[in-house]
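The residues making up each chain are set out below.
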Amino acid sequence: MATRKSPEQSNASKEELVRYYREMLLIRRFEEKAGQLYGMGLIGGFCHLYIGQEAVVVGLEAAAKEGDKRITSYRDHGHMLACGMDAKGVMAELTGREGGYSKGKGGSMHMFSKEKHFYGGHGIVGAQVPLGAGLAFADRYLGNDNVTFTYFGDGAANQGQVYEAYNMAKLWSLPVIFVIENNQYAMGTSVKRSTKSPSLWERGAAYGIKGESVDGMDVLAVKAAGEKAVAACRAGQGPYILEMMTYRYRGHSMSDPAKYRTREEVQRMRDEKDAIEHVRDLLIQGNLATDDDLKAIDKEIKAVVNEAADFAKESPEPALEELWTDIYA
Amino acid sequence: MATQVLMPALSPTMEEGTLAKWLVKEGDEGKSGQIIAEIETDKATMEFEAVDEGTVGKLLVAEGTAGVKVNTPIAVLVEEGESADEVQAPVPTQKEKQPEPAEASEGKAVDEPLVSSPGASVPGKRDRSPDWPEGTQMKSMTVREALREAMAEEMRGDEHVFLMGEEVGEYQGAYKISQGLLDEFGDRRVVDTPITEHGFAGIAVGAAFGGLRPIVEFMTFNFAMQAIDQIINSAAKTLYMSGGQMGCPIVFRGPNGAAARVGAQHSQDYAAWYAQIPGLKVVMPYSAADAKGLLKSAIRDPNPVIFLENEILYGRSFDVPVMDDFTIPFGKARIWREGTDVTIVSFGIGMTYALEAADKLADEGISAEVIDLRTLRPIDYDTVIESVKKTNRCITVEEGWPVGSIGNHLAATIMQQAFDWLDAPVLNLTGKDVPMPYAANLEKHALVTTAEVVEAAKSVCYR
């Protein structure tokens, strides 16, 4: 069974911890349900699950304010839920239905919400990095103090356009936080097999960009690092790099033969580093919540996810006329 | 309640698979996320994880079974005190859950143009109004000056418009299109970039998502190849992929096509490439008036616009109307010269050959009608078709390569919409199907020539 170390004391309040527990659990249960619907053939194409990485987006969203922007790759369901997008609309997009965020025309990898300042959902590895710098360019041009969280993975970190974006982001002091979600595997290629400079955040030094490596399985550590980076960007000292050391439990996509790592490795991360269990321990061992309190939350989340799944099954497919709309504004 | 575990689909195309191995046995406690079986698909052996918690009540399919259809029950999970035999409920099949596919639309009637699409054609009636009112004062101006005036006027009118690119500021523009703009608007709005096309194109697209109206100057469109992923995958497709939420008002502009003696990598016409992309608008002006009026329209357009200029045309002078706010709408071709014997359709620098050829043809008694498309997405098909119905003959002229050219597309359209009016096949005059050579004599032959246009016009007139 679990060999978790007992958590260090934290100063986080009960409300805060409960909120993280709830938000991370929503992502996990949502993703498990998405996996199930994929298995049933209700979700097509590619479907990249975020299970294991929940602390990254939940911790960083806790450091954000209204007006801040976020943009990420195709492993985007967690980011959308964390920034407050509706689980029903996300799930219905996965099933390709009218009730989805993109009316069923985007799918798992391409979803957006202007209202929540979520700029996608991008399917080309690394392309979102200059786009995120561009969102920050717009905010700097307009003279507000918003920041943009630009997420990408350890795989994208080897794309050339990332470094083109770094160079210009620093040149123009853009308020952008480059969040490298290092889950250790670019599809099936481990970081060790793709670079001789495995400390990805340190590459920012070549452009004069500050950064740090963060325990991405610890939501409190993520939030603290996020607050520091946000403060720097709001003060005009952007950009900033946060390399989140994290782990995905599931395959790269649903069609992943899982031959590049051992079962034991995955199990060890689940047992020793799980982000949700970490917060659970903090709540229980700190006498901030009882098992029953958390069970009640579990039940509540299950209901939200089931409702999203029902909505996603019942929402009709888009009308055929939709084929021809939204090509031009 | 007992739960059935169904044979999962583990890839976008999987319909059945082999249950290679069970990793649990009846009576085992299962946790959500635990790997319970190995399943072989045509591509790989995959691990299958449980979604629900519970005790494995029964394994319904023995390991080693091949051809297990997706959604077949393969095991039953039970909660404490339940028996696997209690499960009887029929399995929901994929069919039941999927809505009926909507009826496919009926095949289109032959007389309905197959090329009609929201982007490629112009909705509504053709705009036949003159580009400027009769009697408007005119002023001679180079294409270069016209482009600069268009940008300056639009930047004065909208604080969100800014120019970015290599050498647009302090250097005053590699081809001097942006001369003076830095002095007037400052470095907040005239942004010199490092040589990093992929990166700054992406930043500009992001800035457009963020509410600005960028004009991106590519020193030449050859270098935009480095950025073509951002132009097509990010700029052109996002409105559609976001269900209409997120538009990208941006102009990508710069010289396109062959200049002179700069060899294969710097001499290429991208008109047909970009014209293929739904979500983009594509403009390729010939005259200074069109350069000005169309660039102003491009900057105001809420969509990504590819604005293809030409280095050789930059220094040419044309009459431009003196007006406070002069714009030309997209999708409105211009008839430069009316004629009765043959229609010559061109755009951009191709118009040079078309107009020269028309003069020469007139000397030989052939009356050519010369149409400048001006925009390639949308295309003003109506003006072309109407002209072909009058002349019964058509040739097209462009500098780009022959395969998949704009001329090919026009020929197909004319065949679909005016077949019965044609007295000769439509001929496409294009650049030769070779990389651009450096040697002066070879380069001349690689381009389309006026003599070829004259020859083709005569041949469709059987002269």
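Parameters and conventions
Residues numbered from 1 in each chain as written. Chains lettered and ligands numbered in written order. Predicted model: local features only at pLDDT ≥ 70, side-chain atom pairs only at ≥ 80, totals over all residues. Heavy atoms only, no water. Helix = DSSP H or I, 4+ residues; strand = E, 2+ residues; numbered from the N terminus. Rg over C-alpha atoms; globule rule 2.2 N^0.38 Å. Buried < 20%, exposed > 50% of the residue type's maximum accessible area, 1.4 Å probe, protein only. Contact = heavy atoms within 4.5 Å. Areas by Shrake-Rupley, 256 points an atom, 1.4 Å probe, with all protein chains shown as cover. Disulfide = S-S within 2.5 Å. Salt bridge = Lys/Arg side-chain N within 4 Å of Asp/Glu carboxyl O. Buried area = accessible area lost by both parts, 1.4 Å probe. Polar contact = N/O pair within 3.5 Å; in protein donor to acceptor, adjacent residues only side chain to side chain. Core = buried A, V, L, I, M, F, W, Y, C linked by side-chain atoms within 4.5 Å. Domains from an automatic or database assignment. Expected span 1.5 Å × (residues − 1). Axes fitted to C-alpha atoms, helices over the stretch in contact; angles between N-to-C directions. Parallel < 35°, antiparallel > 145°, perpendicular 65-115°, else oblique. Left-handed = near helix turned anticlockwise from the far one by under 90°. Nonpolar A, V, L, I, M, F, W, Y, C, P; charged D, E, K, R; others polar. Patch = residues over 30% accessible without salt bridge, like charges linked within 9 Å, V, L, I, M, F, W, Y side chains within 5 Å. Phe/Tyr/Trp six-rings, centres within 6.5 Å; stacked < 30°, edge-to-face > 60°. Pairing = 2+ DSSP bridges.

1. With respect to the overall build of chain A
Logical step 1: On a plain count of helices and strands, chain A comes out with ten helices and eight strands.
Logical step 2: Over its C-alpha trace chain A gives a radius of gyration of 19 Å, about what one expects of a compact globule, namely 20 Å for 329 residues.
Logical step 3: By residue count, 60% of the 329 residues in chain A fall in the buried class.
Logical step 4: Long-range contacts, defined here as pairs at least 24 residues apart, represent 75% of the contacts in chain A between residues at least 6 apart.
Logical step 5: Per element, the accessible surface of chain A, about 12,500 Å² overall, is 51% carbon and sulfur.

2. A closer look at the overall build of chain B
Logical step 1: When helices and strands are tallied, chain B shows 14 helices and 22 strands.
Logical step 2: The C-alpha radius of gyration of chain B comes to 30 Å, more than 25% above the 23 Å expected for a compact globule of 463 residues.
Logical step 3: C-alpha extents for chain B along the principal axes are approximately 95 × 60 × 45 Å.
Logical step 4: Residues counted as buried form 55% of the 463 residues belonging to chain B.
Logical step 5: Across chain B, every contact between residues at least 6 apart in sequence was considered, and the portion connecting residues at least 24 apart equals 77%.

3. Notes on the state of the cysteines
In protein chemistry, a disulfide is the covalent bond that joins the sulfur atoms of two cysteines.
Logical step 1: One pass over the full model with this rule turns up zero disulfides over all chains.
Logical step 2: Between Cys233(A), a cysteine without a disulfide, and Cys83(A), which holds the nearest cysteine sulfur, the sulfur-to-sulfur distance is 18 Å.
Logical step 3: Judged by relative accessible area, which is 5%, Cys233(A) ranks as buried.
Logical step 4: As a non-bridged cysteine, Cys394(B) has Cys461(B) as the owner of its nearest cysteine sulfur, 11 Å distant.
Logical step 5: In this structure Cys394(B) comes out as buried when scored by relative accessible area, which is 0%.

4. Here's the deal with the pattern of salt bridges
Logical step 1: Considering all chains together, one arrives at 48 salt bridges over all chains under this definition.
Logical step 2: Between Glu212(A) and Lys228(A) there is a salt bridge whose closest N-O contact spans 3.2 Å. In this pair, Glu212(A) is assigned in strand 7 (residues 210-215) and Lys228(A) in helix 7 (residues 219-234), connecting sequence segments 16 residues apart.
Logical step 3: Residue class for Glu212(A) comes out buried when judged on its relative accessible area of 19%.
Logical step 4: For the salt bridge of Asp158(B) with Arg213(B), the shortest nitrogen-to-oxygen distance reads 4.0 Å.

5. Quick notes on the interface of chain B and chain A
Logical step 1: If you look at the interface, chain B gives 77 residues, while chain A gives 60 residues.
Logical step 2: Here chain B meets chain A over a buried area of about 5,700 Å², counting both sides, of which 61% is carbon and sulfur.
Logical step 3: For chain B, the biggest contributors to the area lost against chain A are Ile203(B), Tyr240(B) and Met241(B); these three give 13% of the whole.
Logical step 4: Taken together, the links from chain B to chain A amount to three salt bridges.
Logical step 5: The interface formed by chain B and chain A holds 24 residue pairs in polar contact (both at pLDDT 80 or more) in total.
Logical step 6: Elements supplying a minimum of two residues to the side of chain B that touches chain A: strand 4 (35-40), strand 5 (45-49), helix 1 (94-97), strand 10 (161-165), strand 11 (190-192), helix 4 (197-209), helix 5 (228-236) and helix 6 (238-241) of chain B.
Logical step 7: Of all the elements, helix 4 of chain B adds the most residues to the side of chain B that touches chain A, at ten residues.

6. Things to note about the nonpolar core
Logical step 1: One finds Phe137(A), Phe218(B) and Phe252(B) to be the most contacted residues of the largest nonpolar core, which totals 80 residues.
Logical step 2: Counting residues in hydrophobic clusters, the runner-up holds 77 residues, among them Leu37(A), Ala55(A), Val219(A) and Ala225(A).

7. Side note on the domain arrangement of chain B
Logical step 1: For chain B, the domain assignment lists domain 1 (3-88), domain 2 (138-321) and domain 3 (334-460).
Logical step 2: A C-alpha centroid distance of 65 Å is found between domain 1 of chain B and domain 3 of chain B.

8. Overview of helix 5 (residues 128-142) of chain A
Residue and element names in this part refer to chain A.
Logical step 1: With 15 residues, helix 5 ought to run about 21 Å at 1.5 Å a step, and its terminal C-alpha atoms sit 21 Å apart, in line with that.
Logical step 2: For helix 5, a buried count of 13 out of 15 residues is recorded, marking the element as mostly surrounded by other parts of the structure.
Logical step 3: Following helix 5 by one or two positions, Gly143 has its phi on the positive side, about 80°.

9. Brief notes about the packing of helix 10 (residues 350-363) of chain B against helix 14 (residues 450-460) of chain B
Residue and element names in this part refer to chain B.
Logical step 1: Where helix 10 meets helix 14, the closest approach of the two axes is 8 Å, and the angle between their N-to-C directions is 55°. On the basis of their axis angle, the class for helix 10 and helix 14 is oblique. The hand of the helix 10/helix 14 crossing is right-handed. Across the interface between the two elements, Tyr353, Glu356, Ala357, Lys360 and Leu361 of helix 10 pack against Thr450, Val453, Val454, Ala457 and Lys458 of helix 14.
Logical step 2: Looking at the contact of helix 10 with helix 14, its residues break down into six nonpolar, one polar and three charged.

10. What about a nonpolar patch on the surface?
Logical step 1: Side chains of Met225(B), Trp273(B) and Trp401(B) sit close together on the surface and give an oily, nonpolar patch of about 280 Å² of accessible area.
Logical step 2: Position of Trp273(B) relative to the elements: it lies in helix 7 (residues 271-275).

11. As for the packing of helix 6 (residues 160-171) of chain A against helix 4 of chain B
Logical step 1: Contact pair helix 6 of chain A / helix 4 of chain B: the axes reach a minimum separation of 8 Å and the direction vectors enclose 70°. One way to sum up the angle between helix 6 of chain A and helix 4 of chain B is to call them roughly perpendicular. As helix 6 of chain A packs across helix 4 of chain B, the resulting crossing turns out to be right-handed. Across the interface between the two elements, Gln161(A), Glu164(A) and Met168(A) from helix 6 of chain A touch Glu197(B), His198(B), Gly199(B), Phe200(B) and Ile203(B) from helix 4 of chain B.
Logical step 2: Partitioned by chemical class, the residues of the contact of helix 6 of chain A with helix 4 of chain B number three nonpolar, three polar and two charged.

12. As for the packing of aromatic side chains
Logical step 1: Going through the model one piece at a time under the given rule, you end up with 21 aromatic pairs over all chains.
Logical step 2: With centroids separated by 6.5 Å and ring planes inclined at 80°, the aromatic side chains of Tyr185(A) and Tyr247(A) adopt a geometry described as edge-to-face. You can see Tyr185(A) sitting in strand 5 (residues 185-186) and its partner Tyr247(A) sitting in the loop between strand 8 (240-245) and helix 8 (263-273), a full 62 residues away along the chain. Neither Tyr185(A) nor Tyr247(A) differs from the other in exposure class; each is buried.
Logical step 3: Between Phe218(B) and Phe221(B), the aromatic rings sit 5.6 Å apart at their centres with planes inclined by 65°, giving edge-to-face as the arrangement. Both residues of the pair, Phe218(B) and Phe221(B), count as buried.

13. Things to note about the sheet that holds strand 7 of chain A
Residues and elements named next belong to chain A.
Logical step 1: If you trace the six strands from one edge of the open sheet to the other, you get 2-1-3-4-8-7, paired in parallel fashion. Single-partner strands in this sheet number two, and they are strand 2 (118-121) and strand 7. In this sheet, adjacent strand axes meet at a mean angle of 15° when their direction is disregarded.
Logical step 2: Strand contacts of helix 6: strand 3 (148-153), strand 4 (176-182) and strand 8, with the helix running at about 150° to strand 4, the strand carrying the most contacts.

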